[in-house]
Amino acid sequence: MAGFDTFTERMARGVARGTSRRSLLAWLGAGMTGTAMLPALPVARAATHPDAARPEMKSGTPQDPGNPASCDYWRYCAIDGFLCSCCGGTVNSCPPGTEMSPITWIGTCTNPADGRAYIISYNDCCGVSSCGQCLCNRNEGDRPQVRPQSNNDYNWCLGTESSIYNCSVAAIVGTALDQPQ
Amino acid sequence: MKLVPLALVALVALSATLAARASERAMPGVMNPRQAHQDYILKCQGCHRPDGSGDDRSNPPMRGVVARFLTVPGGRAFIGRVPGVATVDLDDERLADLVNWTLHSFDAEHLPRDFQPYSAAEIAALRRNPIRLDRVATRARLVEGFSSQEAKQAQQD
């Protein structure tokens, strides 16, 4: 044990002789600045933007313009959730292994191709844990939670075997009348 | 002779169109069936399903049931005061149209023979006093009354 004590003492005294308190401050300062600057270095960070690497989807018809794997797509005007197009499904079908909820949030979106309002049903796909890709939260026409039938912050996985939410689709269920008559 | 099948097709198409018109007209109290159907899609269908079927786990069915509420005491008021009807963001006229459309579309067979359609004024009065937490119990009580009321009706007939 005495040998260990001597060794520790010699090391501690060596460090104390060879360093100064000022140099410790200088090292600490440099370290903190360096850590803060590291994320600002110009290196590629593809991993932080998975959507950028995603291939573009197309409907193939000029009547349905845009990319259904992007939050900008016209049918997603009132959506709040992960896009099934990014999760192994499509704009109107659930990913394999999930079940589509028969209870849905319904709203209208304007199609830029013809300027008409279409009635959109936002069905949730349920039964598998959150997809986590392409979160999209646009909320047009969303109402506060005191109007539960018009609020999209609820989990709409109702009427399914499981109430676990995976992702959301946007299916057209009709065209809206031009204006209330 | 080739004209005969053509004329037949035209006749069938004409009668189908007339039948469709007739079914729209045969809804007393519904001023604008297309508007009412759209309001149903926008405000009701998300939970009550496109055909009003529902299920006993999530939303109770309306198809084949909803007009039976009109046969029991308090049922007519219940339809106007149930939260989904009373608190919907539609004006009284469109809401009265929508309620009458729902009764005709999903449960015409149970509509009482002397059914008076809901008016905008009646809907306005009912929705001012919506049912809140006791909606499930109220519904269950009214549904219990269906069978006894129908037995009474059968005796009268």
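All values reported here derive from a predicted model rather than from experimental measurement.

(A) Here's a closer look at the overall build of chain A. Along chain A, the regular secondary structure elements total 2 helices and 6 strands. Its C-alpha atoms give chain A a radius of gyration of 28 Å, more than 25% over the compact-globule value 16 Å for 181 residues. In terms of overall dimensions, chain A has C-alpha extents of about 95 × 40 × 35 Å along its principal axes. Counting the 181 residues in chain A, one finds 27% classified as buried. In chain A, the share of contacts with a sequence separation of at least 24, taken over all contacts with a separation of at least 6, comes to 72%.

(B) Layout of the overall build of chain B. The secondary structure content of chain B amounts to 8 helices and 0 strands. Each helix and strand of chain B, placed in order from N terminus to C terminus, yields the pattern α-α-α-α-α-α-α-α. Buried residues in chain B amount to 27% of all 157 residues. Restricting the contact set of chain B to residue pairs at least 6 apart, pairs at least 24 apart contribute 72%.

(C) Looking closely at the interface of chain A and chain B. Counting from both sides, the interface comprises 16 residues of chain A and, opposite them, 15 residues of chain B. Secondary-structure elements contributing two or more residues to the side of chain A that touches chain B are strand E3 (105-110) and strand E6 (165-175) of chain A. Considering only residue class, the side of chain A that touches chain B consists of 10 nonpolar, 5 polar and 1 charged.

(D) Molecular detail of the nonpolar core. With 33 residues, the main nonpolar core has A:Phe82, A:Leu83, A:Cys84, A:Cys125, A:Cys167 and A:Ala170 as its most contacted residues. For this core, the secondary-structure elements that each account for two or more residues are E3, strand E4 (117-126) and E6 of chain A. No other element matches the 5 residues that E4(A) contributes to this core. The residues touching A:Leu83, leaving out its near neighbours within four places in the chain, are A:Ala69, A:Cys134, A:Cys136, A:Cys167 and A:Ser168. One finds B:Val66, B:Val85, B:Val99 and B:Leu103 within the second-largest nonpolar core, a separate group that totals 18 residues.

(E) Molecular detail of the packing of helix H6 (residues 92-107) of chain B against helix H7 (residues 120-127) of chain B. Residues and elements named next belong to chain B. Axis separation between H6 and H7 bottoms out at 8 Å; the angle between their running directions is 100 degrees. In terms of orientation, H6 and H7 fall into the roughly perpendicular class. Facing Asp 92, Glu 93, Leu 95, Ala 96 and Val 99 of H6, the residues of H7 in contact are Ala 120, Ile 123 and Ala 124. Each residue belonging to the contact of H6 with H7 can be placed in one class, and the counts come to 6 nonpolar, no polar and 2 charged.

(F) The confidence of the model for chain A, seen in detail. Chain-level pLDDT for chain A is 87 on average; 93% of the residues reach the 70-or-more range. Per-element averaging of pLDDT across chain A places helix H2 (residues 21-37) of chain A at the bottom with 88 and strand E2 (residues 99-100) of chain A at the top with 95.

(G) Representation of the packing of helix H2 (residues 33-43) of chain B against H6(B) within the structure. Residue and element names in this part refer to chain B. At their nearest, the axes of H2 and H6 sit 9 Å apart, and the two run at 85 degrees to each other. On the basis of the axis angle, H2 is roughly perpendicular to H6. Along the contact surface, H2 presents Pro 33, Gln 35, Ala 36, His 37, Asp 39 and Tyr 40, while H6 presents Arg 94, Asp 97, Leu 98, Trp 101 and Thr 102. Classifying every residue of the contact of H2 with H6 gives 5 nonpolar, 3 polar and 3 charged.

(H) Summary view of helix H1 (residues 2-18) of chain A. When the terminal C-alpha atoms of H1(A) are compared, their 24 Å separation across 17 residues agrees well with the 24 Å that a helix rising 1.5 Å per residue should span. H1(A) sits mainly on the outside: 0 of its 17 residues count as buried.

(I) Region of the structure containing the environment of A:Arg143. Residue and element names in this part refer to chain A. Here Arg 143 shows up in the loop between strand E5 (135-137) and E6. Separated by 119 residues in sequence, Arg 143 and Leu 24 have C-alpha atoms that sit 57 Å apart. Here Arg 143 is in contact with Ser 150 and Asn 151, once residues within four sequence places are set aside.

(J) Molecular detail of the pairing of E4(A). Residue and element names in this part refer to chain A. Extensive coverage of E4 is indicated by the burial of 7 of its 10 residues. Taken together, the 2 bridges between E2 and E4 define a ladder with antiparallel strand orientation. Bridge assignment links Glu 99 to a residue of E4, and that residue is Cys 126. Where E3 meets E4, 6 bridges bridge the pair, whose relative direction is antiparallel. Counterpart to Ile 106 in the pairing with E4 is Ser 121. A loop of 6 residues connects E3 with E4, the two strands running antiparallel in sequence, and Gly 115 in this loop sits at a positive phi of about 70 degrees. Across 9 bridges, E4 lies against E6 in antiparallel orientation. Bridged to Ile 120 within E6 is Ile 172.

(K) Spatial organisation of the confidence of the model for chain B. The pLDDT averaged across chain B works out to 85; a share of 79% of its residues lies at or above 70. For this predicted complex, the interface score ipTM comes out at 0.73, while the overall pTM is 0.74.

Calculation criteria
Residues numbered from 1 in each chain as written. Chains lettered and ligands numbered in written order. Predicted model: local features only at pLDDT ≥ 70, side-chain atom pairs only at ≥ 80, totals over all residues. Helix = DSSP H or I, 4+ residues; strand = E, 2+ residues; numbered from the N terminus. Rg over C-alpha atoms; globule rule 2.2 N^0.38 Å. Buried ≥ 20, exposed ≤ 12 C-beta atoms within 10 Å, placed from the backbone. Contact = placed C-beta atoms within 7 Å. Nonpolar A, V, L, I, M, F, W, Y, C, P; charged D, E, K, R; others polar. Core = buried A, V, L, I, M, F, W, Y, C linked by C-beta atoms within 7 Å. Axes fitted to C-alpha atoms, helices over the stretch in contact; angles between N-to-C directions. Parallel < 35°, antiparallel > 145°, perpendicular 65-115°, else oblique. pLDDT = per-residue confidence, 0-100. Expected span 1.5 Å × (residues − 1). Pairing = 2+ DSSP bridges.

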